[in-house]
Amino acid sequence: MASRLIQALRRAQPLTTRGYATVSNAHLPPVAGVIDVPQRILMGPGPSNAHPRCLAAMSLPQLGHMHPPFLKIMDDISEYLRYIMQTDSKYTLAVSGSGHAAMEASVANILEPGEKILVGVTGIWGQRVADLSARFGGDVVELNAGLGETLSFESIKNAVETHKPKVLFLCHGESSTGTKQSLEGVGALCKANGCLLIVDTVCTLGGVPIFADEMGIDVIYSGAQKVFGCPPGASPFFMSDAAMEKLQSRKTTVATYNMDMKLIGDYWGWYGGRSYHHTGPISNFYALREALAITAEEGLENSWARHQAMYELLWEGLTDAGLEPFVKKEEDRLPCVNTITVPEGIDAAALCGFAMNKYNLEIAGGLGPSAGKVWRIGIMGYNAKPMNVNLVVTAFKEGLAAQGFKK
Ligand SMILES: Cc1ncc(COP(=O)(O)O)c(C=O)c1O
């Protein structure tokens, strides 16, 4: 027995002499040992620290992507999302991928080539959706807000009535500028004008009120790594019946196989059966299921109230430190991602470095149009607690003092 094995190994050994070069060690890295990851407190715009229950869920045994216990976990996600998005629609699921994948899924499925999409641009996420929409052949019209401002209902109404788009996109929580777009009346406006409404809730779902059905939203996408305190990789997604009708009556095939919601919906049981489309990210689905369960256990209203309370605590401390909000109108401020004006003469990057070196604390700078003008602080999920918020305020006070700032 042993000798047969040895003979087999000997036969296998001369692989390199069967026409291949010998293995080169030129790119063999030095033995690095166990992966080394520092502990950090992530108080930027995301990712935020993952809830320990999500991390524990990720270490559970792998199941097959079509095994009934795994399909049950997917069903749990769909059901929790109906609660968290406040919808009766059966079309809820988690897109495999980060927020961008869900963003692409929204546009690719709802917009047909040549159709008009009106994109509300309040920062980089609107810009990105405009870019994506053009790539899928959309006729893009941008509606731009001033920096640090949101779009008024009147301006949206005027643009919808003028351009008569098939789709309107709005970003509920614009993490690059720290603005919260009001959605009041927009769903009804869209319905009256034969237009579907897509809303980015990557930085708001679970932290700020959203009522998908009551607000008349047709497509919502979100992310796992912000308010849900979950590692990125599985992103909440919702479609209304009207959005599903539009998808079913398309004249053209959805241009991405990966994100074709007719096919993905069939993996999630939207039409009664279950068909393989791709291998769902097993551990990410476990973690998202756990994150959504945590939100449901806390209760949506409690979660919204906690985010609001921590936002108020943050600003109490920042105001005391002599800092000011970048978003001038209080009602436009996004509690989940706060933008703070960098005072004249202060080195924003040095303050971020100070917080990281002293406290392993992430304070982020601006992004896109707000780069160099602001710091950004996330109040999200597992991190939205007094201990973290107070540490942020302390780091700001000490970091500013180190630069000789006088309020
Ligand atoms: C508002 C908003 N939309 C979309 C995204 C994209 O999400 P992801 O980075 O998970 O792809 C982000 C990420 O920060 C975001 O803040």
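Residues numbered from 1 in each chain as written. Predicted model: local features only at pLDDT ≥ 70, side-chain atom pairs only at ≥ 80, totals over all residues. Heavy atoms only, no water.

(A) Representation of the sheet that holds strand β10 (residues 234-239) within the structure. Judged by pairing direction, the sheet is mixed, and its seven strands sit side by side in the order β2-β10-β9-β8-β5-β3-β4 without closing on themselves. Either end of the sheet is taken by a strand with one partner, and the two such strands are β2 (92-96) and β4 (139-144). Ignoring strand direction, the axes of neighbouring strands in this sheet form an average angle of 20 degrees. The pairing of strand β8 (residues 196-200) with strand β9 (residues 219-221) spans three bridges and is classified as parallel. Pairing of Ile198 across the sheet is with Val219, part of β9. Sitting on the sheet, helix α8 (residues 241-248) touches β8, β9 and β10, and the angle it makes with β10 is about 90 degrees. This element, helix α10 (residues 282-298), spans β2 and β10 of the sheet and lies at about 65 degrees to β10. (Pairing = 2+ DSSP bridges. Helix = DSSP H or I, 4+ residues; strand = E, 2+ residues; numbered from the N terminus. Axes fitted to C-alpha atoms, helices over the stretch in contact; angles between N-to-C directions. Contact = heavy atoms within 4.5 Å.)

(B) Structural detail: a nonpolar patch on the surface. A surface patch of nonpolar side chains, amounting to about 380 Å² of accessible area, comprises Val34, Ile35 and Val37. By the element assignment, Ile35 lies in the loop between α1 (2-12) and β1 (41-42). The exposed category is assigned to Ile35, whose relative accessible area is 73%. (Patch = residues over 30% accessible without salt bridge, like charges linked within 9 Å, V, L, I, M, F, W, Y side chains within 5 Å. Areas by Shrake-Rupley, 256 points an atom, 1.4 Å probe, with all protein chains shown as cover. Salt bridge = Lys/Arg side-chain N within 4 Å of Asp/Glu carboxyl O. Buried < 20%, exposed > 50% of the residue type's maximum accessible area, 1.4 Å probe, protein only.)

(C) Focus on helix α12 (residues 348-359). Its 12 residues place the ends of α12 17 Å apart at the C-alpha level, agreeing with the 16 Å of an ideal helix rising 1.5 Å per residue. Considered for burial, the residues of α12 that qualify are Ala348, Leu351, Cys352 and Ala355. Each buried residue of α12 sits inside an arc of 100 degrees when the element is viewed along its axis, so together they form one side. Along α12, exposed side chains directed more than 90 degrees from the buried face belong to Ala349 and Asn357. Summarising the contacts, the buried residues of α12 are in contact with β12 (361-362), β13 (364-365), β14 (374-378) and α13 (386-402). Between a side-chain oxygen at the N-terminus of α12 and the backbone nitrogen of Ala349 the separation is 3.2 Å; the capping residue is Asp347. Trailing α12 by a residue or two, Asn360 shows a phi angle of about 55 degrees, which is positive. (Expected span 1.5 Å × (residues − 1). Arc of directions from axis to C-beta. Polar contact = N/O pair within 3.5 Å; in protein donor to acceptor, adjacent residues only side chain to side chain.)

(D) Up close: the environment of Pro281. Structurally, the position occupied by Pro281 is in the loop between α9 (261-267) and α10. As for Pro281 and Leu42, which are separated by 239 residues in sequence, their C-alpha atoms are 24 Å apart. Setting aside its immediate chain neighbours within four residues, Pro281 contacts Ser96 and Gly233.

(E) Fine view of the domain arrangement of the protein chain. Domain parsing of the protein chain yields domain 1 (52-297) and domain 2 (299-402). For domain 1 versus domain 2, the distance between C-alpha centres works out to 27 Å. Facing the 31 residues of domain 1 at the interface are 25 residues of domain 2. In this assembly, domain 1 packs against domain 2 so that about 2200 Å² is buried in total across both faces, 66% of it on carbon and sulfur atoms. One can count zero salt bridges joining domain 1 with domain 2. The interface formed by domain 1 and domain 2 holds 12 residue pairs in polar contact (both at pLDDT 80 or more) in total. Put simply, the parts of the chain that give the side of domain 1 that touches domain 2 at least two residues each are α3 (68-85), β6 (173-174), β7 (179-180) and α10. Of the residues forming the side of domain 1 that touches domain 2, the biggest block, three residues, is contributed by α10. Along the lines of polarity and charge, the residues of the side of domain 1 that touches domain 2 split into 12 nonpolar, 14 polar and five charged. (Domains from an automatic or database assignment. Buried area = accessible area lost by both parts, 1.4 Å probe. Nonpolar A, V, L, I, M, F, W, Y, C, P; charged D, E, K, R; others polar.)

(F) Highlighting the sheet that holds β13. Taken in spatial order, the three strands make up an open sheet running β11-β14-β13, and their pairing is antiparallel. Bordering the open sheet on either side are β11 (337-341) and β13, each of which pairs with just one other strand. For β11 and β14, the ladder comprises five bridges, and the chain directions are antiparallel. Looking across to β14, one finds that Val337 is bridged to Gly378.

(G) Geometry of the UniProt feature "domain: Aminotransferase class V" (unreviewed entry) in the protein chain. Residues annotated in UniProt with the feature "domain: Aminotransferase class V" (unreviewed entry) correspond here to residues 64-367. Helix makes up 41% of residues 64-367 and strand makes up 16%, while its end C-alpha atoms are separated by 39 Å. (UniProt positions renumbered as here; feature names shortened; annotations may be inferred.)

(H) Quick look at the side chain of Asn284. Within the secondary structure, Asn284 sits in helix α10. For Asn284, a relative accessible area of 16% translates into the label buried.

(I) Fine view of the packing of α12 against α13. Look at α12 against α13: their axes get within 9 Å of each other, and the N-to-C directions meet at 120 degrees. Considered as vectors, α12 and α13 are oriented oblique to each other. Between α12 and α13 the crossing geometry is right-handed. Side by side, α12 and α13 meet where Leu351, Phe354, Ala355, Lys358 and Tyr359 of the first sit next to Leu391, Thr394, Ala395, Phe396, Glu398, Gly399 and Leu400 of the second. (Parallel < 35°, antiparallel > 145°, perpendicular 65-115°, else oblique. Left-handed = near helix turned anticlockwise from the far one by under 90°.)

(J) Spatial organisation of the nonpolar core. Residues Leu168, Phe237, Met239, Met261 and Trp268 are the most contacted members of the largest nonpolar core, which totals 88 residues. Aside from chain neighbours lying at most four places away, what touches Met239 is Ser89, Tyr91, Ile110, Asp218, Val219, Met244, Leu247, Met261 and Trp270. (Core = buried A, V, L, I, M, F, W, Y, C linked by side-chain atoms within 4.5 Å.)

(K) Here's a closer look at the layout of surface pockets. As a volume, the largest pocket reaches approximately 350 Å³. Forming the walls of the largest pocket are 19 residues, and the residues nearest its centre are Gln39, Arg40, Leu42, Asn49 and Ala50. Where the lining of the largest pocket is concerned, the elements lending two or more residues are β1 and α13. A class-by-class count of the residues in the lining of the largest pocket yields 12 nonpolar, five polar and two charged. No fewer than three residues from each of domain 1 (52-297) and domain 2 (299-402) sit in the lining of the largest pocket. (1 Å grid on protein atoms, 1.4 Å probe; cavity = no way out; pocket = protein on both sides within 12 Å on 5 of 7 lines; lining within 4 Å. Points joined across faces, edges and corners; volume = space filled by probe spheres on them.)

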